[in-house]
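This is what each chain is made of:
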Amino acid sequence: MADPTQRIFEDFLGHYTLRTFKKGEIIIFQGEAPRAAFVVKSGVVKAYNLSVNGDEKPVGFYTPFDTFPGAWTYGKTPSAIYYYEAFTDEVQLYTVPRDDYVTFIRSSPEIMYAELQRYVVDHLAKSMRLNALQHSRAGDKLIYTLHYLSLSHGIRKSPQLVEITLNLTHQDFANLTGLTRETAATELNKLKHLGIISYGKNTPYQIRLDKLANLLNDQYIAELELKL
């Protein structure tokens, strides 16, 4: 949500029930018709699908002021097409009746434009995820996934250093890239030894953008300064 409209959005949300979910708790099941739209107040929500073998296939992450499930909220599907699960220790969500949410979004051009920007950002993030998955080499899948994460879920610590705000495990990286956990761990360790990333058991992933850019095959993508 754009800054000029954030206060208006917060005031609107303050009229609705706030629910709390613990890490790993499923908020919406795939195929479920929600009773209301959810808007994130705090924490992170993970959206994912399951393969026929039961493997998790992450679709995206929802952070404060994001709304889900979007397709259902805007009447494009009769139910949720993904699972939505609390990804952080505690997630707080506003529950807003669908008609109330849509009426609010349509209440002013400024609000509608802010919502449009949010969906453009979401579309761009998903296209970068798709670009990462299309690479055949395991290392490239991981490199482009890290680049996507640095833009979409990163905090700039210095001109060339970004800290990922998501608490990701090796298994999470495996799920994001379609690799095995062992392969993902091996590739991450290679990047760690090269000084491209740093991480520890209780420390977040940090990425050296200049060193990461040297491994990206697409120079335009490597120099992208967009903040998702």
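Residues numbered from 1 in each chain as written. Predicted model: local features only at pLDDT ≥ 70, side-chain atom pairs only at ≥ 80, totals over all residues. Heavy atoms only, no water.

Trainee: Would you explain the packing of helix 3 (residues 98-105) against helix 4 (residues 109-133) in this entry?
Mentor: The axes of two packed helices give the description: the angle between them and the distance between them. Put simply, helix 3 and helix 4 touch, their axes get as near as 8 Å, and they point 110° apart. The orientation of helix 3 with respect to helix 4, classified from their angle, is roughly perpendicular. Along its contact with helix 3, which presents Tyr101, Phe104 and Ile105, the element helix 4 presents Ile111, Met112, Glu115 and Arg118. Class assignment for the residues of the contact of helix 3 with helix 4 results in 5 nonpolar, no polar and 2 charged. (Axes fitted to C-alpha atoms, helices over the stretch in contact; angles between N-to-C directions. Helix = DSSP H or I, 4+ residues; strand = E, 2+ residues; numbered from the N terminus. Parallel < 35°, antiparallel > 145°, perpendicular 65-115°, else oblique. Contact = heavy atoms within 4.5 Å. Nonpolar A, V, L, I, M, F, W, Y, C, P; charged D, E, K, R; others polar.)

Trainee: Help me out: how do you make sense of the side chain of Lys141 in this one?
Mentor: Here Lys141 is to be found in helix 5 (residues 138-152). One polar contact links the side chain of Lys141 to the main-chain carbonyl oxygen of Leu133, over a distance of 2.7 Å. Beyond its immediate stretch of four places on either side in the chain, Lys141 contacts Ala132, Leu133, His135, Ser136, Thr177 and Leu179. (Polar contact = N/O pair within 3.5 Å; in protein donor to acceptor, adjacent residues only side chain to side chain.)

Trainee: Quick question: what am I supposed to make of the sheet that holds strand 4 (residues 45-50) here?
Mentor: Adjacent strands of a sheet pair through backbone hydrogen bonds, lying either parallel or antiparallel. On the basis of which strands lie adjacent, the open sheet formed by 4 strands has the order 2-7-4-5 and antiparallel pairing. Looking at the sheet topology across the chains shown, the edges are occupied by strand 2 (26-28) and strand 5 (56-62). When strand polarity is set aside, the average angle formed by the axes of neighbouring strands in this sheet is 35°. Summarising the sheet, strand 2 and strand 7 (residues 83-86) pair through 2 bridges and their orientation is antiparallel. Paired with Ile28 across the strands is Tyr84, a residue of strand 7. (Pairing = 2+ DSSP bridges.)

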